[in-house]
Every structure is written in structure tokens, then in C-alpha cells.
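Each chain, written out:
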Amino acid sequence: MGDWMKEKDMAGQEQQQPQPRDTEVEEEVPAPPEPAEGQASASTQGVDDLLDEIDGVLESNAEEFVRAFVQKGGQ
Amino acid sequence: MTAGSESALGGGLPAGGAMRVMGSETEYGIHAPAAPGANATMMSARVVQAYAQVTRLRAAGGAETRWDYTDEEPLHDARGWTLERGQAHPSQLTDQPPVLDAEAVALAYGREELELDGEDESGSLLMNMVLGNGARLYVDHAHPEYSSPEVTNPAAAVAWDAAGDLVGLAAVRRLASDTELPAVNLYKNNTDNKSVSYGSHENYLMPRSVPFGDIVRGLTPFFVSRQIICGSGRVGMGQDSSRPGYQISQRADFFEAEVGLETTIRRPIINTRDEPHATADKYRRLHVIIGDANLSQVSNYLKFGTTAMVLSLIEAGLAPRIEVHEPVGALQAISHDTTLTTRIRLLDGRRVTALDLQWMYHEAAAKLAQDTGVSDAVDGDGHTHAVLERWATTLTQLDSDRAAAATSVEWLAKLSILEGYRQRDGLQWDDARLGLVDLQWADLRPEKGLYYRLLSRNRMQRIVDDADIAAAVTEPPSDTRAYFRGRCVSSFSKDVVGASWDSVIFDVPGYGRLQRVPTREPLRGTKALTGGLFSRHREAGPFLAELLGSAPAPPQA
């Protein structure tokens, strides 16, 4: 686990580490287009593991960070 | 022009397959989280400046030089005319150096005084560099852009394009150590998801004798469908992402025309900008603007490799006879369907999927490559066989084993993370965290960039070794004129005052005027042709004297 796990946000506060969810939230999300249920479950462990890592890497305030990413035109 | 005929491209490369002079041009998204309103052109100039400082640290005396604008011709149209300057959109005038002085710098950050240690003698910031690897790093509109050196094959295209990401990373690191100004992030993506797009272009050298109409007909169905192997994936539908969802391509929704000169407005599937940057009556440099920027090496490899092969088909007059009904709509319909089942209409009445279209091109390309011998596993050109195999494998996996395809196809790899979040946390497509995953996928910092997190877990396949990419940051390709350009910059930087795709300009003490060495043949200036010259001379004067065939002692001014 590198230093980036402790990276501070711009307000100088420790980044909030989202708690790993151990309960699957089952709701009325439309089924993803991929039919590959079998393949998905085969690699579920790896994906969960990966998501836990990404939780620690993602910028802390998603809403604000995404909103502030404004580019000028390019080619 | 089949059966073992020599390519017209300098007579050096085998024709009929995936080898061709080509290059990439990547505009990076740029963002300072601590200063969201900062001027983008200014920040981009800081990126170029920061890299100049990095190279000065790396090689005493520097390893970069200025760009020579003499041969830029952004208003030349491949269809045979030139746009009047007065009618051009200001963003099309790319042949004049932008001027940015210290005052503009200060104003951009709302400060009156600002110490600029990277400032040059004239008081202006360096906006434009030629690198020791033969690439160009510069400010294009409001983005830093890395244009790779010319290479001859798709694996090298991947290496020198990925080297650009390391160049950007080095600049990001340098700026992060600046205590005065806010840190800057770079993103290898193509949209801010708020209606703005910026490009990732490819260029391919072709004989000028190929009629442009053949290129348009042969490429359009291919470009409409190739996104399924090299799209980077995007959260959001429509130019402004007003509709929630996920689509295959970053760029598809920003295209509005079939053919045209513009690259910033009314973007066309086939771009007609005609700046050969080489002997103009022999070559055309096809400028491709429809691609997504790729971090996935396999997607990038296939983007260059398959496109090069389709151009070989067009040159041979053997492109599949297919015409897509309303190509712009078809491009977007395909991008919007991650199940790959959407059928688009051909003018002959057939309805085909993007996979069908890709297989048609694969079949034709495989046949031409076999007939010319370039795809032979042993005696071929050493590249085409691998491209054909990888292309077929990827298409097969997209059809029947998407988990396997997700280790190579960029939009599927990104989708696997997004679906993980959607399932684990029950997120809807308009949730900001999914937008953040999309954005942060492309962050150049390996500790932050989600692509790099997957790569470090070996969940993404590699085409080239990390060591080769690292070497490509400083070393030019050996088999194009980029070798000569790059070695001039790294060996004689204090005497090289400018360079461009087709020239290197020296200012050597003792010569009365600048010496401009033209490099108009892309397959000359190679290591084989000029390597000895570089190893024989440490000083620019004798080097130039031998190169230009004059007496070893330069004339007195």
C-alpha cells in the first residue's frame, strides 16, 4: 500500500476512506446488458478486491471533482 | 499493386500489411483541482515548461528545441483546394506560433508578479518543444499535446505513444513539486462530459496517387465500426452527457459530418487536412481524428495496426465494397450499444452489426496480406501476422468471451469496474462516482489512474515491455527520419535552433547564417543511414560539414 493511500485532499484533511461494503445492495437497477453472469461470478472475488483498492484511490469528493473538470475546446 | 510490389513510401517498407509510416497525436485533458478556474492555455504552457526543466536535468545543456513553423499548412484540403484564412475558424490557424508572455502568465493566475524561472531570453514561455525521442510537445489551443515521432509499425506506435504518457507524467511530477503554483493533473481522455471534446489523432503516410474518394469510401465503414476494439468507453450519452448511460466511444457523439477540413467544429469522420510534412507530390499524410485516446495497449495496437491494413487494402483497390447508410448516425448507434447487437443499414439493403463489418475488413485484409506474403509467420514483414491474429482473437472474444476481451479492449475494461460499482453499491449511471471512475481511469499518475491500477494487477495485457516504453521517452525510433531529428536534438541541442517534421535548423558558430537541413523523406535519416555520422562527431560544426558535404572546417562568417 503506497503513500497515495494517505494522500490528503486539497482542504488538507485526511481523505475519507469509504467503508468496504460487505452487503450486496439489491435494488431495481436495470440489469446490465452483459449476459455473462457465470463469468462475472467466477471473478467476483477479484473484482471486490479491486474495488476495495479503487475506493482508496478515488478522489474524495466525487460530485465536486467531476463538476470542476471543465475543459476548453480542442481538436 | 499487390503481390510483393514495393511500397511507394520511400521503397523501404513491405506493402500489403500493417507496416507504414505513422504517428499519434494526443491532447491531454488538464486540470488543477486546487485552482479550477485557472487558464488552460497557461497551465498547458507550464506543462511544456516543466518538461523542459526535466530534460535539462536529465542532459546538461538540454534535450529539447523549438518548433519550426515553416511547413505547417493547416488550411490545405486533401480534396484539392486551400481555405481562405479569413474564412477559417481561429482554431484552425495552427501555423503561427502562439505568443504568451510573462504578463499573460501572471494575469492568468490573477497575480501581478510571478517569478518564472523557466522563462527564456525573450521573456516568453516555451510553448513548443522537439524532444530527443523525435516527438513534439506543445500547447495546442488549451491542451498540452504530445505528437509521437514517426514509426513504421503498430507495436512501435504503442511504445512511442505510451512514452508520451510518461513525458506528461514527468511534467505532472515536476509541477507537483512547485510550491508556488497549484499542482496540475493530466488525463488521457477526450471529453470533459460537459460538451467539450479534444482529440487524439493518428497520422498515416500514403502515396498521393491514391484518389481521396477511394480513401473516404474504403475507410468510412471501418471507422464507423472500429470503436468496438479501440473505443475507450464513456459514462454519459450526448455531447453534454445529458442522458445517463455508458457508451463505447469517447468521441462518437462529437461527430457531425462525413467528410471535412475542420477538426474543432462540425467534426468529420474523414478529415481532409492535407499537410504532408514530406515531399508533397509523392505523399499524403492522412490525418485521422475519429479515434479515442487509448491507455490499453491492445486497443492502441489494434487501432494503428488494423487501420494501416485497411489503408493497404485501399491502396490495392481491394477494400470491401460496403456503403453505410447515414454513417454519422450509425457511428453513434454502435457507440451507444454495449451489447454489440445493433444492426446498421448498408446501402445495398443488408443490416449488419459492427462485428460483421469488422470481420469483412479482417477477411479482406487477411487475403491481401497472404497474397503479398507479408503475413507469413516466418517470412512475412514481422508485424502483419501478429496484427491479424490479435484482431481475430479480439473480435471472437467480443462475441463470445467478454471477460477475456475485458483484459484488452479498453471500453470493456473500464466497464468492468463501473459494473462492479453498480452491483456492489447499487449506483445509477448518473451517480457522480461513476463519472469519477470514468475520469480517473485516464489520470496519468499510476497511483491514481485506474487503468494503471488494473495494469499493475496484470488485468490488462501488454504489447510492449515497460522498459521499452521507458526507453522510448528518450530514444527515437531507429527506422524513420525521427532518428535524425531526435539525435540532433539530444546531441547538438545548443546548436539546434529549430526543428519540425521535415527540417532541422542549426545555428553553428562560424557559419554566417542558419543551416536548415530538410528531412522530407520519412524513411531516410534512419539509424542505418546516419548513425555513423552521429558516432563520428561530438560537435555540430564538423557534423554539419560532413552531412552537407562541405569542407570539415566551417567557413568564417
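If you check an unreviewed UniProt entry, chain B appears there as Putative proteasome accessory factor from Arthrobacter globiformis. On record in UniProt, under Sequence similarities (unreviewed entry), the comment for chain B is "Belongs to the Pup ligase/Pup deamidase family. Pup deamidase subfamily."

The name given to chain A in an unreviewed UniProt entry is Prokaryotic ubiquitin-like protein Pup, with Arthrobacter globiformis as the source organism. Database annotation for chain A, UniProt heading Pathway (unreviewed entry): "Protein degradation; proteasomal Pup-dependent pathway." UniProt lists a comment for chain A under the heading Sequence similarities (unreviewed entry), and it reads "Belongs to the prokaryotic ubiquitin-like protein family."

**Things to note about the overall build of chain B**
Regarding its fold elements, chain B presents 17 helices and 20 strands. Each of the 557 residues in chain B was classed as buried or not, and the buried ones make up 64%. In chain B, the share of contacts with a sequence separation of at least 24, taken over all contacts with a separation of at least 6, comes to 70%. Of the roughly 19800 Å² of accessible surface on chain B, 50% is carried by carbon and sulfur atoms.

**Examining the pattern of salt bridges**
All names here are of chain B. One pass over the structure, following the stated rule, counts 35 salt bridges over all chains. When the shortest N-O distance is used, the salt bridge between Asp-178 and Arg-46 registers 3.5 Å. You can see Asp-178 sitting in the loop between α3 (154-176) and β9 (185-187) and its partner Arg-46 sitting in helix α1 (residues 40-58), a full 132 residues away along the chain. As a salt-bridge pair, Asp-466 and Arg-462 come within 3.1 Å of each other at their nearest N and O atoms.

**Looking at the domain arrangement of chain B**
All names here are of chain B. Entries for chain B in the domain assignment read domain 1 (1-19 + 209-463) and domain 2 (473-548). Domain 1 and domain 2 are separated by 35 Å when their C-alpha centres are compared. Tallying the contact residues gives eleven residues for domain 1 and seven residues for domain 2. Considering only the side of domain 1, the residues that lose the most area to domain 2 are His-277, Ala-278 and Thr-279, jointly responsible for 56% of the buried surface there. The interface formed by domain 1 and domain 2 includes one salt bridge. Measuring nitrogen to oxygen at the nearest pair gives 3.0 Å for the salt bridge that ties Glu-521 to Lys-282. Put simply, domain 1 and domain 2 have six residue pairs in polar contact (both at pLDDT 80 or more) between them.

**A short note on the UniProt feature "active site" (unreviewed entry) in chain B**
Residue and element names in this part refer to chain B. Taking the numbering used here, the UniProt-annotated feature "active site" (unreviewed entry) corresponds to Asp-140. Given the relative accessible area of 3%, Asp-140 is considered buried. Side chain to side chain, Asp-140 and His-141 meet in a polar contact 3.4 Å long.

**Here's the deal with the packing of aromatic side chains**
All names here are of chain B. For the coordinates displayed, the defined rule picks out 16 aromatic pairs over all chains. Look at Tyr-451 and Tyr-452: their rings are 5.1 Å apart centre to centre, the planes differ by 70°, and that puts the pair in the edge-to-face class. By relative accessible area, Tyr-451 is classed as buried at 2%. Exposure remark for Tyr-452: the relative accessible area of 18% places this residue in the buried category.

**Notes on the interface of chain A and chain B**
In this complex, chain A contributes 41 residues to the contact, which on the side of chain B involves 64 residues. Carbon and sulfur atoms make up 55% of the surface buried where chain A meets chain B, a total of about 4500 Å² over both sides. Three residues, A:Phe69, A:Gln71 and A:Gln75, lead the burial of chain A against chain B; their summed loss comes to 20% of the area buried on that side. Between the two partners, chain A and chain B, sit eight salt bridges. A salt bridge links B:Arg424 to A:Asp52; the nearest nitrogen and oxygen atoms lie 3.5 Å apart. Run the count over chain A and chain B and you get 15 residue pairs in polar contact (both at pLDDT 80 or more). Taken together, the elements giving at least two residues each to the side of chain A that touches chain B come down to α2 (44-57) and α3 (62-68) of chain A. In terms of residue count, the dominant contributor to the side of chain A that touches chain B is α2(A) (ten residues).

Basis of the calculations
Residues numbered from 1 in each chain as written. Chains lettered and ligands numbered in written order. Predicted model: local features only at pLDDT ≥ 70, side-chain atom pairs only at ≥ 80, totals over all residues. Heavy atoms only, no water. UniProt positions renumbered as here; feature names shortened; annotations may be inferred. Helix = DSSP H or I, 4+ residues; strand = E, 2+ residues; numbered from the N terminus. Buried < 20%, exposed > 50% of the residue type's maximum accessible area, 1.4 Å probe, protein only. Contact = heavy atoms within 4.5 Å. Areas by Shrake-Rupley, 256 points an atom, 1.4 Å probe, with all protein chains shown as cover. Salt bridge = Lys/Arg side-chain N within 4 Å of Asp/Glu carboxyl O. Domains from an automatic or database assignment. Buried area = accessible area lost by both parts, 1.4 Å probe. Polar contact = N/O pair within 3.5 Å; in protein donor to acceptor, adjacent residues only side chain to side chain. Phe/Tyr/Trp six-rings, centres within 6.5 Å; stacked < 30°, edge-to-face > 60°.

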